[in-house]
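Report on the structure
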Amino acid sequence: MSTTNDIILRPRFKFEKPEKHQVLLQLFKDAKTNQSDFIIVVVDGHVFIKYPKHKQHFWSPQLHLEINEITNDTSEVKGLFGPNPTVWTFFMFVHFFLAGTFIALGIWAYSNWVIKTSVFPQLSGMAIIIVAWIGLYIAGTFGKISSKDDMLALKDFMNKTLNQNYF
């Protein structure tokens, strides 16, 4: 499967590292105190790397790493680049609201069609929702493009912390 898909709004990656997962988690805990460019939160097997408040903007990404033990000497690192969780939650809320409204308008349009009355208002509303969905997709894509340099900085920091160059 190709990983160069342009439709992906939250890029993911996965790789193996020949180290114990506790050692990898400790590297990030140490990096937390040795630098001030990023905020690092380590919880169980999860590492969250994000920008400090004064460097953040609306589209600022964060990197979520999940570090799992495969064997005693090998760990798997799964990563997910994404926007601030508040921004992502807002986008999902708007999507679900639009989907619910689209379905309701579809039901209303079908009911009006069955009783042979005008369906123009409902179909117009459905068309507006489709345009809104396209707008949300474009906004998400714009956010991804505008935060590309920030994502690369997060990736470089992860690679530097793990003393390796991945992807």
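Residues numbered from 1 in each chain as written. Predicted model: local features only at pLDDT ≥ 70, side-chain atom pairs only at ≥ 80, totals over all residues. Heavy atoms only, no water.

1. Let's talk about helix 4 (residues 148-161)
In an α-helix, one turn spans 3.6 residues, which is why side chains three or four residues apart end up on the same side. Here helix 4 is 14 residues long and its end C-alpha atoms lie 20 Å apart, about the 20 Å a rise of 1.5 Å per residue gives. Within helix 4, burial applies to Asp150, Met151, Leu154, Lys155, Phe157, Met158, Asn159 and Thr161. Of the residues flanking the end of helix 4, it is Asn163, one or two places downstream, whose phi is positive at about 55 degrees. (Helix = DSSP H or I, 4+ residues; strand = E, 2+ residues; numbered from the N terminus. Expected span 1.5 Å × (residues − 1). Buried < 20%, exposed > 50% of the residue type's maximum accessible area, 1.4 Å probe, protein only.)

2. Things to note about the pattern of salt bridges
One pass over the full model with this rule turns up four salt bridges. With its nearest N and O atoms 4.0 Å apart, the salt bridge here joins Glu76 to Lys14. Pair noted here: Glu76 is in strand 5 (residues 74-83) and Lys14 is in strand 1 (residues 12-17), with a separation of 62 residues, a long-range link. A relative accessible area of 16% means that Glu76 is categorised as buried. Taking relative accessible area as the criterion, Lys14 reaches 57% and is therefore assigned exposed. In this structure, the salt-bridge partner of Asp156 is Lys155, at a minimum N-O distance of 4.0 Å. (Salt bridge = Lys/Arg side-chain N within 4 Å of Asp/Glu carboxyl O.)

3. Some remarks on a nonpolar patch on the surface
There is a patch of nonpolar side chains on the surface, built from Tyr110, Trp113, Val114 and Ile115 and spanning about 500 Å² of accessible area. Within the secondary structure layout, Tyr110 lies in helix 2 (residues 85-114). (Patch = residues over 30% accessible without salt bridge, like charges linked within 9 Å, V, L, I, M, F, W, Y side chains within 5 Å. Areas by Shrake-Rupley, 256 points an atom, 1.4 Å probe, with all protein chains shown as cover.)

4. Considerations on the packing of aromatic side chains
Within a pair of aromatic rings, the relevant descriptors are the distance that separates the centres and the angle that separates the planes. Counted by the stated rule, this structure contains ten aromatic pairs. For the ring pair Phe38 and Phe157, a centre distance of 4.8 Å and an interplane angle of 40 degrees mean the geometry is tilted. In this pair, Phe38 sits in the loop between helix 1 (21-34) and strand 2 (39-43) while Phe157 sits in helix 4, placing the two residues 119 residues apart along the sequence. This pair shows no difference in class: Phe38 is buried, exactly as Phe157 is. Between Phe102 and Trp133 the ring centres are 5.5 Å apart and the planes differ by 50 degrees, which places this aromatic pair in the tilted class. Taken together, the residues span a long stretch of sequence, with Phe102 in helix 2 and Trp133 in helix 3 (residues 120-146) at a distance of 31 residues. By relative accessible area, Trp133 is classed as partly exposed at 25%. One aromatic cluster in this structure is built from Phe58, Trp59, Phe90, Phe91 and Phe142. (Phe/Tyr/Trp six-rings, centres within 6.5 Å; stacked < 30°, edge-to-face > 60°.)

5. Looking at the nonpolar core
In terms of nonpolar packing, the biggest core is built from 22 residues, with Phe28, Val47, Ile49, Leu63, Leu65 and Met158 touching the most fellow members. Every element with two or more residues in this core is listed here: strand 1, helix 1, strand 2, strand 3 (46-50), strand 4 (61-71), strand 5 and helix 4. Aside from chain neighbours lying at most four places away, what touches Phe28 is Ile40, Val42, Val47, Ile49, Leu65, Ile67, Met158, Thr161 and Leu162. Listed in part, the nine residues of the second largest apolar core include Val87, Val94, Met126 and Ile129. (Core = buried A, V, L, I, M, F, W, Y, C linked by side-chain atoms within 4.5 Å. Contact = heavy atoms within 4.5 Å.)

6. Overview of the side chain of Asp150
Note on placement: Asp150 falls in helix 4. Although Asp150 is buried, it forms no salt bridge, and the closest oppositely charged side chain is Lys55 at an N-O distance of 8.9 Å. Those residues in contact with Asp150 that lie beyond four places of it in its chain are Tyr51, His57 and Pro61. (Lys, Arg positive; Asp, Glu negative; His and termini not counted.)

7. Remarks on the sheet that holds strand 2
Pairing within the open sheet is antiparallel, and its five strands lie in the order 1-5-4-3-2. The outermost strands of the open sheet, each flanked by one partner alone, are strand 1 and strand 2. The sheet shows a mean angle of 20 degrees between the axes of neighbouring strands, direction not considered. One ladder, built from five bridges, connects strand 3 with strand 4; its direction is antiparallel. Bridge pairing in strand 4 links Lys50 to Gln62. Sheet strands touched by helix 4: strand 1, strand 2, strand 3, strand 4 and strand 5. Its angle to strand 4, the strand with the most contacts, is close to 30 degrees. (Pairing = 2+ DSSP bridges. Axes fitted to C-alpha atoms, helices over the stretch in contact; angles between N-to-C directions.)

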